Amino acid sequence: MDKNLQNYLILYKNFLQKNNIDMAIEMLKKIVDYSAPEVKEEWLYELAVLYGDQNRFEESLAIYKRLLEMNPKNPYANYGMAVDTDLSGGDLNTSLKHYELAFKYKPDFQKAYYYAAVLADDLGDRKKSFKYYKKALKIDPYDYIALNDMGSLYERENQNDLALEYIERALELAPDFALALFNRGVVLKKLGLYSLALKSYYKAMEYSDDYKIYLNTGALYKEIGQIEKTKDILEIGVKKCPTNHILWYNLACAYSNLKMNNEAIWALIKAINIDERAKEWAKRDEDLKDLDFTEAINDYDKNR
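Residues numbered from 1 in each chain as written. Predicted model: local features only at pLDDT ≥ 70, side-chain atom pairs only at ≥ 80, totals over all residues. Heavy atoms only, no water.

Student: Sorry if this is basic, but what is going on with the overall build of the chain here?
Tutor: Looking only at helices and strands, one finds 18 helices and 0 strands in the chain. A compact globule built from 304 residues should have a C-alpha radius of gyration of about 19 Å, whereas the chain, at 26 Å, is more than 25% larger. Along the first, second and third principal axes, the C-alpha set of the chain runs to 80 × 50 × 30 Å. Counting the 304 residues in the chain, one finds 45% classified as buried. Across the chain, every contact between residues at least 6 apart in sequence was considered, and the portion connecting residues at least 24 apart equals 46%. When the accessible area of the chain is evaluated, it comes to approximately 16500 Å², of which 49% is carbon and sulfur surface. With 43 positive and 49 negative side-chain charges, the chain shows a separation of 3 Å between the mean positions of the two kinds. (Helix = DSSP H or I, 4+ residues; strand = E, 2+ residues; numbered from the N terminus. Rg over C-alpha atoms; globule rule 2.2 N^0.38 Å. Buried < 20%, exposed > 50% of the residue type's maximum accessible area, 1.4 Å probe, protein only. Contact = heavy atoms within 4.5 Å. Areas by Shrake-Rupley, 256 points an atom, 1.4 Å probe, with all protein chains shown as cover. Lys, Arg positive; Asp, Glu negative; His and termini not counted. Charge placed at Lys NZ, Arg CZ, Asp CG, Glu CD.)

Set out below in structure tokens:
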């Protein structure tokens, strides 16, 4: 091995260990320059990944493009191009195309199938999304994230029995997976199993403070006529997520339904202060129709 290359390799590893990424990148560029042609692609790929990890997408995408010019059938370069095109806000169809090329040239590329499924769903092609999730799960049937996503996709197709089956499989593998617990609550609620849905939502709260868990729990309590419990859970929600305007707004509605008008106006002002769209929602909301909040909002507008 060339002595300069050997030194650069040592320095590269040392800088990585010390988390000095800028210097690690400089050493890796030197390694690419000194590398033999048969390993240059491998080092270029590592450099692209390092740039991507630092959100330096212009540099990473330029390297992936160079790699694909060298070898259009390189599955890892296609995968990297797909990932960083998506993360950089690029064209999603282009990203999907590169995921598809990645598993075309590497048929067991499970991650490429998985992210292609996610992207196809984002693009509104559920048929393709189902197809790619199934491929990903055939390669790795223990991917609990893919199992949960597949269940969520079935739920949105109103195939709730299948949705529950996939989500339960995900939870067998990862019992503390908050998103799957939340999704199970969604499906159980649609199946009319309200007490089980609530149990699943509360279990999700043990592992996550995602506002949607509190929102859905409050909405379910409201649906079964337990407005006091709606209020209670949303009060917990705004403590956990104090900058979430949707929780504050729904808390205002719960207060209003309970005739707690001063508290309702206070919560509504909190929501408007975070997102002014709440002011327009309030004007059309049946839950707030008996609440005289016009003066309070006018005062808010004057004192901003």
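Student: Just checking my understanding: could you explain unusual backbone geometry for this structure?
Tutor: Glycine aside, the phi torsion of most residues is negative, and most peptide linkages are trans. Positioned with a positive phi, Asn19 is a non-glycine residue whose angle comes to about 60°. Residue placement: Asn19 occurs in the loop between α1 (3–17) and α2 (21–34). With a phi angle near 60°, Asn158 is a residue other than glycine that sits in the positive phi range. Within the secondary structure, Asn158 sits in the loop between α9 (144–156) and α10 (160–173).

Student: Looking at this structure, I do not really get the packing of aromatic side chains. What am I missing?
Tutor: Remark: the centre distance and the inter-plane angle together describe each pair of aromatic rings, the angle taken between the planes. Applying the stated criterion to the full structure yields 19 aromatic pairs. Aromatic side chains Tyr99 and Tyr115 sit 6.2 Å apart centroid to centroid with 20° between the ring planes, which places their arrangement in the stacked category. One end of the pair, Tyr99, is in helix α6 (residues 92–105); the other, Tyr115, is in helix α7 (residues 110–122), and 16 residues separate them in sequence. Classification of Tyr115 as partly exposed rests on a relative accessible area of 36%. Among the aromatic residues, those joined into a ring-pair cluster are Tyr45, Tyr64, Tyr76, Tyr79, Tyr99, Phe109, Tyr114, Tyr115 and Tyr133. One Lys or Arg, Lys106, reaches over the ring of Phe109 and ends 5.5 Å from the middle of that ring. (Phe/Tyr/Trp six-rings, centres within 6.5 Å; stacked < 30°, edge-to-face > 60°. Lys NZ or Arg CZ within 6 Å of the ring centre and 35° of its normal.)

Student: How should the state of the cysteines be read in this particular structure?
Tutor: Disulfides are covalent bonds that connect the sulfur atoms of two cysteines. Tallied over the full model, the rule gives 0 disulfides. With no disulfide partner, Cys253 has as its closest neighbouring cysteine sulfur the one in Cys241, 17 Å distant. Using a relative accessible area of 4% as the deciding quantity, one classes Cys253 as buried. (Disulfide = S-S within 2.5 Å.)

Student: Sorry, what's going on with the packing of helix α5 (residues 75–87) against α6 here?
Tutor: The packing of two helices is summarised by the inter-axis angle and the distance between the axes. Relative to each other, α5 and α6 sit at 160°, their axes nearing to 8 Å. Compared by their axis directions, α5 and α6 come out roughly antiparallel. Taken as a pair, α5 and α6 cross one another with a handedness that is left-handed. Counted together, Pro75, Asn78, Tyr79, Met81, Ala82, Val83, Thr85 and Asp86 of α5 and Leu92, Ser95, His98, Tyr99, Leu101, Ala102 and Tyr105 of α6 form the full contact between these two elements. Looking at side-chain class alone, the contact of α5 with α6 contains 10 nonpolar, 4 polar and 1 charged residues. (Axes fitted to C-alpha atoms, helices over the stretch in contact; angles between N-to-C directions. Parallel < 35°, antiparallel > 145°, perpendicular 65-115°, else oblique. Left-handed = near helix turned anticlockwise from the far one by under 90°. Nonpolar A, V, L, I, M, F, W, Y, C, P; charged D, E, K, R; others polar.)

Student: Even after reading the chapter, I still don't get helix α16 (residues 261–274), so can you show me in this structure?
Tutor: Note on helix geometry: an α-helix contains 3.6 residues per turn, so any two residues three or four positions apart are oriented the same way. With 14 residues, α16 should reach 20 Å at 1.5 Å per residue; the first-to-last C-alpha distance of 20 Å fits that figure. All of the buried residues along α16 are Ala264, Ile265, Ala267, Leu268, Ala271 and Ile272. For α16, the angular spread of the buried residues around the axis is 165°, confining them to a single face. For α16, the exposed residues lying more than 90 degrees away from the buried face are Asn262 and Asn273. (Expected span 1.5 Å × (residues − 1). Arc of directions from axis to C-beta.)

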